[in-house]
Amino acid sequence: MESDDRELLDRIQKGDGESFGVLFDRTHRWLLQFIIVPRVGRAEAEEVLSDTFRAALGSIAEFRWQGIGILHWLAAIAKRKSLEHLRRRSRMPQSLEDHPALLEVPDDVPTAEAEMIRQEALGILRRRVDATLAQLTPRYAEALRLRLLLGVGRLECAQRLAVSAATFDVVLYRATRAFAREWSRDERA
Amino acid sequence: MSEREPWPESEPASQEIEASRRLAQALETGDSSLADGEAVAAAFLLQSGAHLPPDDVGRQRLRKELVAAVVSPTLGLMRWVGLAAASLVAGALLVTALWRMTSAPSLYTLEAREMAARQALESVPRSTRAGLSTGTRMESTYDTAWRERLDSELQSSRFTRMWDQSNPGNTASGGRSRHAIQNSGGAS
């Protein structure tokens, strides 16, 4: 598959715009899911994704094969852009950033297989999330599932749990801290 | 139910309420600068495991922009060369125009031109100039004669037409029209 990547890169470097579009299609979900969202959150992820690909476009002419694939190279740019974004907002990198080793980009990832790898990594992540949620009280787990996994709005979540919005905020806060503790415990184990 | 997180929950302290509000704000707006780092990190981690929304309009627009922004290196080089050449030409024209604007035609320049014209005229052999003059006069005489002939033919034609109109049946050409004369070959 590396030859496929090389051909794609060659076409991009010769000025074929549609090939860069193919690269975007193959990699942007992966970058969002495992590099950008865990660092800056869903709300600002699209902005960082945009910065990442603009930076990649600016320097792809100089890209040379030196033992890493295009996805690894893009992941490095996405990490840097995420950090720049956090610094611009005067924010420190999140404390869980270094914990989830499964979110690290493996070496020599062929770009054409990015989607397959994303699905596999997502499966591993979800299984681990489910295992961690199972350690929490059902109410905490339900709050996290609704608000963060299913993306249900804050007021509707409060309604479903039959509490006020302010109480739901407290439940969610306690739930996220409990989740972080369980996740870190598993990391250490 | 886990023993680590007793249920029902305890009454939250004011600091916890504030931290909860900030986390809620961070999830709504993305601004997590004041929120609890560990809670935010856990929230973002959980969000990354969620289903991504389908490609929205913004992502499609970004893709189009990126595709259009890719430039061929050869084309890019040609653009730079073209731009440099155009700049050189424009610069040269500008310098010339400025030089002409600043240097008004001087007496010296006019005199120099007149002198050059005289020298050019002098360089033509005298015999050639005489020949040219004679040729011009002959052409003039020929043109005058030709114009006079045309005028007389025109006047004759007018007279014939007027006569025919005022004396029908009694033509100025002795009973024969000009057309008849021409058709008969001109012989009476």
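Just so it is clear, the structure is predicted and the values come from calculations on it, not from any experiment. (Residues numbered from 1 in each chain as written. Chains lettered and ligands numbered in written order. Predicted model: local features only at pLDDT ≥ 70, side-chain atom pairs only at ≥ 80, totals over all residues.)

**Q** Quick rundown of the overall build of chain A? Include the residues and the values.
**A** What chain A contains, in helices and strands, is eight helices and zero strands. Secondary structure of chain A in N-to-C order comes out as α-α-α-α-α-α-α-α. For chain A, buried positions account for 41% of its 189 residues. In chain A, of all internal contacts separated by at least 6 residues, the share reaching a separation of at least 24 is 68%. (Helix = DSSP H or I, 4+ residues; strand = E, 2+ residues; numbered from the N terminus. Buried ≥ 20, exposed ≤ 12 C-beta atoms within 10 Å, placed from the backbone. Contact = placed C-beta atoms within 7 Å.)

**Q** Residues and numbers for the overall build of chain B, please.
**A** A tally of helices and strands in chain B yields seven helices and zero strands. In chain B, the order of α-helices and β-strands from amino to carboxyl end is α-α-α-α-α-α-α.

**Q** Got a sec to walk through the packing of helix α3 (residues 45–59) of chain A against helix α4 (residues 70–88) of chain A? Specific residues and values, please.
**A** Residues and elements named next belong to chain A. As a packed pair, α3 and α4 sit with axes 9 Å apart at the nearest point and diverge in direction by 130°. Considering their axes alone, α3 and α4 lie oblique with respect to each other. When the axes of α3 and α4 are compared, the crossing they make is right-handed. On α4, the residues that touch V48, D51, T52, A55 and A56 of α3 are L74, I77, A78, K81, S82 and H85. (Axes fitted to C-alpha atoms, helices over the stretch in contact; angles between N-to-C directions. Parallel < 35°, antiparallel > 145°, perpendicular 65-115°, else oblique. Left-handed = near helix turned anticlockwise from the far one by under 90°.)

**Q** Go over helix α1 (residues 14–29) of chain B, please, and point to the residues and values.
**A** All names here are of chain B. In this model α1 runs 22 Å from its N-terminal to its C-terminal C-alpha over 16 residues, within 8% of the 22 Å that 1.5 Å per residue would give. Three or more residues of α1 are buried, namely A19, S20, R22, L23, A24, A26 and L27. Positive backbone phi, approximately 90°, marks G30, located one or two places after α1. (Expected span 1.5 Å × (residues − 1).)

**Q** Give me the lowdown on the interface of chain A and chain B, citing residues and values where you can.
**A** Residue-level contacts link 58 residues of chain A with 46 residues of chain B. Looking at the side of chain A that touches chain B residue by residue, the class counts come to 28 nonpolar, 13 polar and 17 charged. (Nonpolar A, V, L, I, M, F, W, Y, C, P; charged D, E, K, R; others polar.)

**Q** Lay out the nonpolar core in plain terms, naming residues and giving numbers.
**A** Ranked by internal contacts, the top residues of the largest apolar core, which has 63 residues, are I36(A) and L23(B). When residues of this core are assigned to their parent elements, the largest contribution, eleven residues, is made by helix α2 (residues 17–40) of chain A. Leave out the neighbours within four places in its chain, and I36(A) touches L31(A), A45(A), V48(A), L49(A), A78(A) and S82(A). (Core = buried A, V, L, I, M, F, W, Y, C linked by C-beta atoms within 7 Å.)

**Q** Quick rundown of the confidence of the model for chain B? Include the residues and the values.
**A** Residue and element names in this part refer to chain B. Confidence in the prediction of chain B, expressed as mean pLDDT, is 74, and 69% of residues score 70 or more. Every residue in residues 1–8 scores below 50 in pLDDT, and together they form eleven contacts with partners more than four places removed in sequence or on other chains. Across the interface, the model reports ipTM at 0.80; the global pTM reads 0.60. (pLDDT = per-residue confidence, 0-100.)

**Q** Kindly report on the packing of α2(A) against α4(A), identifying the contributing residues and their values.
**A** Residues and elements named next belong to chain A. α4 packs onto α2 with a crossing angle of 40° between their chain directions and a minimal axis gap of 10 Å. By the criterion of interaxial angle, the relationship of α2 to α4 is oblique. Of the two elements, α2 crosses α4, and the hand of that crossing is right-handed. Mapping the contact onto sequence places L23, T27, W30, L31, I35, I36, R39 and V40 in α2 and I70, L71, L74, A75, A78, K79, S82, H85 and L86 in α4. Considered class by class, the residues forming the contact of α2 with α4 number twelve nonpolar, three polar and two charged.

**Q** Explain α4(A) to me, using residue names and the numbers behind them.
**A** In this model, α4(A) (19 residues) spans 27 Å end to end at C-alpha, consistent with the 27 Å of a helix rising 1.5 Å per residue. For α4(A), the set of buried residues is I70(A), L71(A), W73(A), L74(A), A75(A), A78(A), K81(A), S82(A), H85(A) and L86(A).

**Q** An account of the environment of E16(B) is needed here, citing residue identities and associated values.
**A** Residues and elements named next belong to chain B. Here E16 shows up in helix α1. Given 17 C-beta atoms within 10 Å, E16 falls into the partly exposed group. With 20 residues separating them along the chain, E16 and D36 place their C-alpha atoms 10.0 Å apart.

**Q** Please give an account of the environment of E115(A) that cites residues and values.
**A** With respect to the helices, strands and loops of the structure, E115(A) is situated in helix α5 (residues 114–134). For the pair formed by E115(A) and H28(A), sequence separation is 87 residues and the distance between their alpha carbons is 9.5 Å.

**Q** Outline unusual backbone geometry, supporting the account with residue identities and numerical values.
**A** With the exception of glycine, most residues fall at negative phi, and the peptide bonds are largely trans. Its identity is not glycine, yet A162(A) carries a phi of approximately 60°, on the positive side. Here A162(A) lies in the loop between α7 (154–160) and α8 (165–188).

**Q** Which residues make up the environment of I77(A), and what are the values?
**A** All names here are of chain A. Position of I77 relative to the elements: it lies in helix α4. According to the C-beta neighbour criterion, I77 is partly exposed, with 19 such atoms within 10 Å. Sequence separation between I77 and T52 is 25 residues, and the spatial gap between their C-alpha atoms is 6.0 Å. Residues contacting I77, with those up to four places away along its chain left out, are T52, A55 and A56.

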